[in-house]
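Take a look at the letters that make up each chain.
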Amino acid sequence: MLAFTHKNGHYLSLDGAELYYEIMGNLNGKPLVLLHGGFGSMLDFNCLLGSIPSDYQIIGIDLRGHGKSTVGDKELSYAQYQSDIEAVVNHLDIYSYSLLGFSDGGIVSYRLAASENSKVKQLITLGSQWRLEKDDPSVDFLGGVTSGDWEGMFPDAVASYNRSNPQPDFDLLVNKVKNVWLDMTSTGYPNNDVGDIKCPALVMRGDDDFLFSLGEAVALVEEIENSKFMNIPFAEHEAHKEYPEVCCSVISKFLSAY
């Protein structure tokens, strides 16, 4: 059974940070890069790996400061995450690849797919906003998160971070990630740049995901020319963990269709 382990990967040194990645699946296959959400790691995707067709090479990357990747000398932003992923992809001599991103990882994926001379051939996102306006109801939640709150809600995830990260400092990471979430400048959300996404895209969300509303998801799909949309009944933000069998079926069909 395929699974990320945080044991057999590699590091890329970049801007004072050590970016951790693991590669599995068909090592000669089509590359698929997986990008996790805020305060998570590649391990969060283990429930989906069985859905990946056998002709894919699977590449998991821990975002800067997360999982086994260190923070380094740069401030965190979606633009910085994007630059980091591009550096890893270039380091691996990958000329085209597909993307599967959850939450923050999906926001980074929009930026990667919309960028000039993008190498992204297929895009899948789950629970991933594409813009943040001042009156968005999620702003108060995003700005009010504390390390204690997060540990109370996700104790296993925080414990995993403390075990895995070479330089663990969860209080510092929370403060840096909150700045990422609330960044309404050009280094933040892709906003209308999503209209530049030309590759096939699958946008997914849980029906009860308060961070990424149905209205925002529909507006996003209308912006992306070649897109499909799936709203997952009964699911919240982490729909892939709540209903992996549903997500796996759709992801597999999408990846096999192009």
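Up top is the structure.
Model, not experiment: these values are computed from the prediction.

Caption draft 1: Fine view of the packing of aromatic side chains. A complete count under the given rule lists eleven aromatic pairs for this structure. Measuring from ring centre to ring centre gives 4.8 Å for Phe39 and Trp150, while their planes differ by 65 degrees; the resulting arrangement is edge-to-face. With Phe39 in the loop between β3 (30-35) and β4 (56-61) and Trp150 in helix α4 (residues 147-153), this residue pair connects regions lying 111 residues apart in the sequence. This pair shows no difference in class: Phe39 is buried, exactly as Trp150 is. Ring plane angle 55 degrees and centroid distance 5.6 Å describe the contact between Tyr161 and Phe170, whose orientation is recorded as tilted. Here Tyr161 and Phe170 have matching classes, each one buried.

Caption draft 2: Local environment of the sheet that holds β3. With mixed pairing, eight strands are arranged side by side in an open sheet as β1-β2-β4-β3-β5-β6-β7-β8. Each edge of the sheet is formed by a strand with only one pairing partner; in this case those strands are β1 (10-14) and β8 (227-232). Here the average twist between neighbouring strands, direction ignored, is 20 degrees. Where strand β2 (residues 17-25) meets β4, five bridges bridge the pair, whose relative direction is antiparallel. When the bridges of β4 are listed, Glu22 appears paired with Gly60. Sheet contacts for helix α1 (residues 78-91): β1, β2, β3, β4 and β5 (97-102); angle to β1, the most-contacted strand, approximately 120 degrees. Packed on one face of the sheet, helix α9 (residues 244-257) meets β3, β4, β5, β6 (120-126), β7 (201-206) and β8 and runs near 165 degrees to β6.

Caption draft 3: Spatial organisation of the nonpolar core. By size, the foremost hydrophobic cluster in this structure holds 55 residues, and its most contacted members are Leu35, Tyr110, Leu123, Trp181 and Ile197. For Leu123, the contacting residues outside a window of four places in its chain are Leu99, Ser109, Tyr110, Ala113, Ile197, Cys199, Pro200, Ala201, Leu202 and Phe254.

Caption draft 4: Focus on unusual backbone geometry. One non-glycine residue, Asp15, adopts positive backbone phi at about 50 degrees. Along the chain, Asp15 falls in the loop between β1 and β2. Residues other than glycine seldom take positive phi values, yet Asp93 does so here, at roughly 55 degrees. Relative to the assigned elements, Asp93 resides in the loop between α1 and β5. With relative accessibility at 54%, the residue Asp93 sits in the exposed group.

Caption draft 5: Representation of the environment of Leu132. Looking at the secondary structure, you find Leu132 in the loop between β6 and α3 (138-144). Separated by 125 residues in the primary sequence, Leu132 and Lys7 place their C-alpha atoms 36 Å from one another. What Leu132 contacts, discounting residues up to four positions off in sequence, is Ser138, Val139, Leu142, Trp181, Leu182, Met184, Tyr189 and Asn191.

Caption draft 6: Molecular detail of helix α7 (residues 214-223). Glu216, Ala217, Ala219, Leu220 and Val221 are the residues of α7 that are buried. Here the buried face of α7 lies against α2 (104-114), β7 and β8.

Cut-offs used in this document
- Residues numbered from 1 in each chain as written.
- Predicted model: local features only at pLDDT ≥ 70, side-chain atom pairs only at ≥ 80, totals over all residues.
- Heavy atoms only, no water.
- Phe/Tyr/Trp six-rings, centres within 6.5 Å; stacked < 30°, edge-to-face > 60°.
- Helix = DSSP H or I, 4+ residues; strand = E, 2+ residues; numbered from the N terminus.
- Buried < 20%, exposed > 50% of the residue type's maximum accessible area, 1.4 Å probe, protein only.
- Pairing = 2+ DSSP bridges.
- Axes fitted to C-alpha atoms, helices over the stretch in contact; angles between N-to-C directions.
- Contact = heavy atoms within 4.5 Å.
- Core = buried A, V, L, I, M, F, W, Y, C linked by side-chain atoms within 4.5 Å.

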